[in-house]
Amino acid sequence: MAKSKPRVKVPKKAAKGDLITIKTLISHKMESGQRKDKEGNPIPRSIINKFTCDFNGQVVFACDIEPAISANPFFEFSVRVEESGTFKFTWVDDDGSVYEKTADIAVQ
Amino acid sequence: MRTRRTGKGGTRAGIVVAAAMCSMGVLLVGSYVSAEQVNRLTIEDLTIETRVAAPEGHPLGSELISGWEFRTPETQVLQQDDFQNPAFLWVEQAEEAWETEEGAAGKSCASCHGDASESMAGVRAQMPKWNAAAGRPMTMEQHINACRTDRMEAEAWKWESDAMLGMTAYLGLQSRGLPVAVQTDGPMADWIARGKELYYSRVGQLDMACANCHEGYYGQYIRADRLSQGHTNGFPTYRLKWQKLGSLHRRFSGCMKQVRAVPYKRGSEEFVALEAYLASRGGGLSVETPAVRQ
């Protein structure tokens, strides 16, 4: 897939103090850099190397991604929400591209 | 905060299988039919029939079993949630392509077919379908390309291109849960007979036919993998090994290479005939497109 496209699943609303589950998926070939093409030349590494999730400007989940992660990386994690706000998801590509997606949640 | 990182699906499943094999040894073989297994394939409240009674005299015996049943729980779970099913990355792209005008005629798929959820419901279940004008059965891929070149006057898509895989998955999705019901009489009878002949013909240096594995030994291990009955109801399938969607004809090619035969070309008469025969063989099983496999 030429263009990386992120998908996120965040509940639209939650009760105060709830533990919510967030799922994210992004399309990416995640070329490890370990493989060779038909002529025997190494295929250069091209992966997403960092993923972060901010909530109202504060980091709630972040990780570095290594070449062993499969294509189309999927992350699932839980966050306790105390107030309404916006989740911002960021993926950083080896080539410098940054893919972003936001999702709002209303906390009652 | 609890976190879970999902790494290479195949590797993960492989470790679990290896660990299980060490502790359980031979017990694991054949456990797919154990009475304890109660998990059923449901996707967003839609129940998919993964086991149906076979018609009288079916070469597979009494029951037709979807490939989903032969996979490890980790792989099965991926198919139960459309969000976790990576095939939906392609499906989403195809949804956009459906509305996009392309080609000299200035048409999109939607210009003629309207809402895919209505016009395409049940279409995948009948594939490959006899085309009177062409005088041969045509697969989903061939129907799409016929539309593209003849009506849209656009360039045909390559068989294994992301655009084609996405569109076949998107159209197949509209039939998800419906029973596979391919035409077997009339002009299709010859093609199905030809497919059957291919199915039982030994090929390659290993001198093996499809039936040697998928009819004679389904449910047993071939190295770390469990052989399925070889049904086609989940294609195009997101395969963890491929790390992408793949067509049924790619799977055929893979099997043929494994028995060290020279595969037929994708879209060739041989593969279309084989596809038709397999669809008739798996008649009654629910369409699972896009499925997730190991």
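Let me begin by describing the structure that accompanies this report. Every residue gets a number counted from 1 within its own chain, in the order that chain's sequence is written. Labels are handed out in written order, letters beginning with A for the chains and numbers beginning with 1 for the ligands. Predicted model: local features are reported for residues with pLDDT of at least 70 only, side-chain atom pairs are reported and counted for 80 or more only, and whole-chain, interface and lining totals are derived from all residues. For the side-chain quantities, the full set of heavy atoms in the structure was used; hydrogens and water were omitted.

Here's the deal with the overall build of chain B
Across its full length, chain B holds 11 helices and 12 strands. Looking at chain B as a whole, 48% of its 294 residues qualify as buried. By the convention used here, residues are in contact when the closest approach between their heavy atoms is within 4.5 Å. Counted over contacts in chain B with a minimum sequence separation of 6, partners at least 24 positions apart contribute 67%. As displayed, chain B offers around 13800 Å² of accessible surface, 52% of which is attributable to carbon and sulfur atoms. The secondary structure listing takes helices from DSSP runs of H or I that are at least 4 residues long and strands from runs of E that are at least 2 residues long, numbered from the N terminus. Here's how the labels work: a residue is buried when its accessible area is under 20% of the maximum for its type, exposed when over 50%, partly exposed in between, all with a 1.4 Å probe on protein chains only. Here the Shrake-Rupley method, with its probe set to 1.4 Å, supplies the accessible areas, and only the displayed protein chains count as covering residues.

So, the sheet that holds strand β12 (residues 292-293) of chain B
Residue and element names in this part refer to chain B. One bridge is not enough; two strands pair if DSSP finds at least two bridges between them. Here three strands make up an open sheet; going across it, the order is β11-β10-β12 and the pairing mixed. Of all the strands in the sheet, the pair left with one neighbour each is β11 (244-246) and β12. Here strand β10 (residues 237-239) runs beside β12; their pairing, made up of two bridges, is parallel. Considered in β12, the bridge of Tyr238 is made with Val292.

Observations regarding the sheet that holds strand β5 (residues 58-64) of chain A
Residue and element names in this part refer to chain A. One open sheet holds the five strands; their spatial order is β2-β8-β7-β4-β5, and the pairing between them is mixed. At either margin of the open sheet sits one strand with a lone partner, and together these are β2 (13-14) and β5. Inspection of the sheet shows strand β7 (residues 85-93) paired to strand β8 (residues 98-107) by eight bridges, in the antiparallel sense. Of the residues in β8, the one forming a bridge with Thr90 is Glu100.

Read these as layout, nothing more, since geometry by itself doesn't imply function.
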